[in-house]
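What follows is each chain in one-letter form.
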Amino acid sequence: MSLSPRIIALLLACLISALTVAFLTFVEGVTNAMLFVVGISSFVVSFFLVLYAIELLVFREVNKMYKTIHKLKIRDFTISRKTIIKNTNPFKKLNDEIFVYVAKKQKEIDELKRLEQFRREFLADVSHELKTPIFAAQGFIHTLIDGAVDDENVRDKFLAKAAKSLDGLDALVKDLVALSQLETGEVKMNFDRVDLRHVTQDIFEQLEKITHTKRISLQLKAAHIGPILVKADPQRIAQVMTNLIENAVKYGNEDGRVLVALEDDKKQVVVSVRDDGPGIPPEHLSRIFERFYRVEKSRSKDRGGTGLGLAIVKHILNAHKAKITVMSKLEKGTTFRFKLEKVD
């Protein structure tokens, strides 16, 4: 039960008045009229003195707390000074608000620590990813400078390897720039009517060489015959589809199958890309959309790529107000799925 200053003052005044009257009853010559007057007088004086003392104390202390809170950015609080003073138990209310404030700040501190850890990991990953192609190209070029340039076969071979390393470096830098622009919102989506069937078939043709090498069949399963139109940025959604399908081919089994399904879901089209490869272990599923995160780093390096593809996919789909999900079972395959708004 919370007591207001008036109730506290009333109770104390009654107690003081009763004690005073009780004490005076033992004094000889005191009449009932005198006891009544003394009782009323002591009650009134005690009531106003106690009330004044309590309200003065509350006001003064709350005012100090309020000034302290103001220094800590009062906008973070949902309570006003007037509300604090008028509340029946202002200290409790103020304490609750301070507790909420401290909890909020602790959450911000934890988030800053997490971001700092993420920044350190990102810088370490970027340094490692940049170092590999640079050192490789540097080694080939220095070998040529040291005399291998005179051997035509060695020269052509080393120049080709150096060019390949530099091409990888160029792709990495482009992906880093693209990811940075997507995260900061510098890249604006130009939404238009996009035929997902046509986009998927174009990607199948682009990947024909690698699918032929790995003897992987690409299949398209559509909800109906004809164009499947969605509202999307043509260039960016093609980048998403290319990345997902190319990953399915790269990490799928030889003699396997990659299935792209386009299904109706009321006002949306559900896009899923499924392979029948080795799958992704459960402990990795929550992190595969992180920058540079690879499930099997040694094997991923051999397959090429910058390690930024899925991070870019996630940000592009976020800009389309779409969420990508992944389901995977070991030795059964992996499925990526997202939804896009359907248009007529």
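Keep in mind that this is a model prediction, so the values were computed, not measured. (Residues numbered from 1 in each chain as written. Predicted model: local features only at pLDDT ≥ 70, side-chain atom pairs only at ≥ 80, totals over all residues. Heavy atoms only, no water.)

The tally for this structure, following the rule as stated, stands at 4 aromatic pairs. Seen in terms of ring centroids, Phe-43 and Phe-47 are 6.2 Å apart; in terms of plane orientation they differ by 20°. Their pairing is stacked. A residue pair is termed a helical-turn pair when its members lie 3 or 4 positions apart in one helix, as Phe-43 and Phe-47 do in helix α2 (residues 32-71) at 4 residues. For Phe-43, a relative accessible area of 25% translates into the label partly exposed. On the accessibility criterion, Phe-47 (16% relative accessible area) is buried. Each ring, one from Phe-289 and one from Phe-336, has its centre 6.2 Å from the other, and the planes form 85°; the classification is edge-to-face. Residue Phe-289 is found in the loop between α9 (282-285) and α10 (297-302), and its partner Phe-336 is found in strand β7 (residues 333-341); the two are separated by 47 residues along the sequence. Accessibility expressed as a relative area gives 15% for Phe-289, which makes it buried. (Phe/Tyr/Trp six-rings, centres within 6.5 Å; stacked < 30°, edge-to-face > 60°. Helix = DSSP H or I, 4+ residues; strand = E, 2+ residues; numbered from the N terminus. Buried < 20%, exposed > 50% of the residue type's maximum accessible area, 1.4 Å probe, protein only.)

For Leu-285, the position within the fold is in helix α9. Distance from Leu-285 to Thr-325, taken between C-alpha atoms, is 9.6 Å for residues 40 residues apart in sequence. Discounting residues that sit within four places of it in the chain, Leu-285 has contacts with Ile-280, Val-326 and Ser-328. (Contact = heavy atoms within 4.5 Å.)

Moving on, we come to the packing of helix α8 (residues 234-251) against helix α11 (residues 309-319). Where α8 meets α11, the axes come as close as 10 Å, and the angle between the chain directions of the two elements is 145°. Judged by the sense of rotation from one axis to the other, the crossing of α8 with α11 is left-handed. Contacts from Arg-236, Ile-237, Gln-239, Val-240, Asn-243, Leu-244 and Asn-247 of α8 reach α11 at Gly-309, Leu-310, Ile-312, Val-313, Ile-316 and Leu-317. Counted by class, the contact of α8 with α11 contains 8 nonpolar, 4 polar and 1 charged residues. (Axes fitted to C-alpha atoms, helices over the stretch in contact; angles between N-to-C directions. Left-handed = near helix turned anticlockwise from the far one by under 90°. Nonpolar A, V, L, I, M, F, W, Y, C, P; charged D, E, K, R; others polar.)

This paragraph deals with the sheet that holds strand β2 (residues 217-222). With mixed pairing, 5 strands are arranged side by side in an open sheet as β2-β4-β5-β7-β6. At either margin of the open sheet sits one strand with a lone partner, and together these are β2 and β6 (325-329). Looking at each pair of strands side by side, their axes are set apart by 15° on average, direction ignored. Here 6 bridges tie β2 to strand β4 (residues 257-265), and the two strands are oriented parallel to one another. Residue pairing across strands places Ser-217 opposite Arg-257, the latter belonging to β4. With respect to the sheet, α8 is in contact with β2, β4, β5 (268-275) and β7, its orientation differing from that of β7 by roughly 170°. (Pairing = 2+ DSSP bridges.)

Now for the pattern of salt bridges. What the rule picks out here adds up to 9 salt bridges. For Arg-215, the salt bridge goes to Asp-255, with nearest N and O atoms at 2.7 Å. Separated by 40 residues along the polypeptide, Arg-215 in the loop between α7 (208-214) and β2 and Asp-255 in the loop between α8 and β4 bring together distant segments of the chain. Relative accessible area serves as the criterion here: at 46%, Arg-215 is assigned to the partly exposed category. Overall, Asp-255 belongs to the exposed group, its relative accessible area being 53%. (Salt bridge = Lys/Arg side-chain N within 4 Å of Asp/Glu carboxyl O.)

Per-residue confidence for the protein gives a mean pLDDT of 82, with 84% of residues at or over 70. Within the protein, α10 has the poorest average pLDDT of any element, 49, and β7 the best, 95. (pLDDT = per-residue confidence, 0-100.)

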